[in-house]
Amino acid sequence: SLKPELITATESQRAAMRRDPMSVVLKDMFFANAFPYLEVRRPFILGTREQNWRATLSHRFVELLHKKTGKLTRLYTQNIDGLDYQNKGVPPQKVVNVHGSIGRVACEGCGTPAAFDSFCDSVQSSIKDLYSIDPAAPQESTPILCSACQRPLVKPTTVLFGSNLPAEFFTRAEEDMPDVDLLIIAGTSLQVSPANSLVYRANESAVRLIVNNEPVG
Ligand SMILES: [Zn+2]
């Protein structure tokens, strides 16, 4: 659970986090103070590098499609966990992270990308550990600056509340959807827009295959 009193923030920012823990992932909060986001996400970011969570057979199926058949047009995923990048056989440009990804890093201010691995090094050495699991963590957080604009706005590309979805989603969908002949929709109840609109954007004759544990639509 969130412990605002431990987070590097002003009293009014802490009060906002107490009222609503989701304020940690608000765009306005992040631009005012990046520490709540980075401190809360620290274990998730570093655990992603350590591969504490592993790609499943469903992730691997996408790799199989690409490597065995060469017919993968694109993987659109709403997952932010970065597990798709454990599929080393799938080129990154085949993956569109509709809501961004914990495994990709960029400056929220100017968009300049940063390498995930060196970002993780910075998180490890600059961001304090709220959860007392890393004895090597610093006692106090210090900013991680963008190499281009020098602002402390570098973060995983996961979409903050109040931010737009990555433009890539819209441009890729426009390119891809008119030509697909098979759309495999897996592990989604199709409740979340605009990812669910892909179903209607595929061309009329495309076969749509849905795989999900619960009823969909
Ligand atoms: Zn920047």
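Residues numbered from 1 in each chain as written. Predicted model: local features only at pLDDT ≥ 70, side-chain atom pairs only at ≥ 80, totals over all residues. Heavy atoms only, no water.

(A) Local environment of the sheet that holds strand β4 (residues 113-114). Read from one edge to the other, the open sheet built from three strands follows the order β4-β3-β5, with strand pairing classed as antiparallel. Here the strands that pair on one side only, and so sit at the sheet edges, are β4 and β5 (154-156). Sheet analysis places strand β3 (residues 105-107) next to β4, joined by two bridges and oriented antiparallel. Considered in β4, the bridge of V105 is made with A114. Contacting β3, β4 and β5, helix α5 (residues 116-126) runs over the sheet at an angle of about 110° to β5. (Pairing = 2+ DSSP bridges. Helix = DSSP H or I, 4+ residues; strand = E, 2+ residues; numbered from the N terminus. Contact = heavy atoms within 4.5 Å. Axes fitted to C-alpha atoms, helices over the stretch in contact; angles between N-to-C directions.)

(B) Layout of the UniProt feature "binding site: Zn(2+)" (unreviewed entry) in the protein chain. The UniProt feature table records "binding site: Zn(2+)" (unreviewed entry) at C107, C110, C146 and C149. These annotated residues cover 43 residues of sequence, and their C-alpha atoms all fall within 8.6 Å of one another, placing them together at a single site. Among the structural elements, C110 can be located in the loop between β3 and β4. Setting aside residues up to four positions removed in sequence, C110 forms contacts with C146, A148, C149 and R151. Within the element layout of this structure, C146 appears in the loop between α5 and β5. (UniProt positions renumbered as here; feature names shortened; annotations may be inferred.)

(C) View of the domain arrangement of the protein chain. Parsing the protein chain into structural domains produces domain 1 (4-51 + 102-156) and domain 2 (57-100 + 164-211). The distance between the C-alpha centroids of domain 1 and domain 2 comes to 28 Å. Listed per partner, the contact involves seven residues of domain 1 and six residues of domain 2. Taking both partners together, domain 1 and domain 2 bury about 530 Å²; carbon and sulfur atoms supply 54% of that area. Together, Q51, I102 and R104 form the three largest contributors to the area buried by domain 1 at its contact with domain 2, with a combined 70%. Between domain 1 and domain 2 we count one residue pair in polar contact (both at pLDDT 80 or more) in total. Here the residues of the side of domain 1 that touches domain 2 sort into two nonpolar, three polar and two charged. (Domains from an automatic or database assignment. Buried area = accessible area lost by both parts, 1.4 Å probe. Polar contact = N/O pair within 3.5 Å; in protein donor to acceptor, adjacent residues only side chain to side chain. Nonpolar A, V, L, I, M, F, W, Y, C, P; charged D, E, K, R; others polar.)

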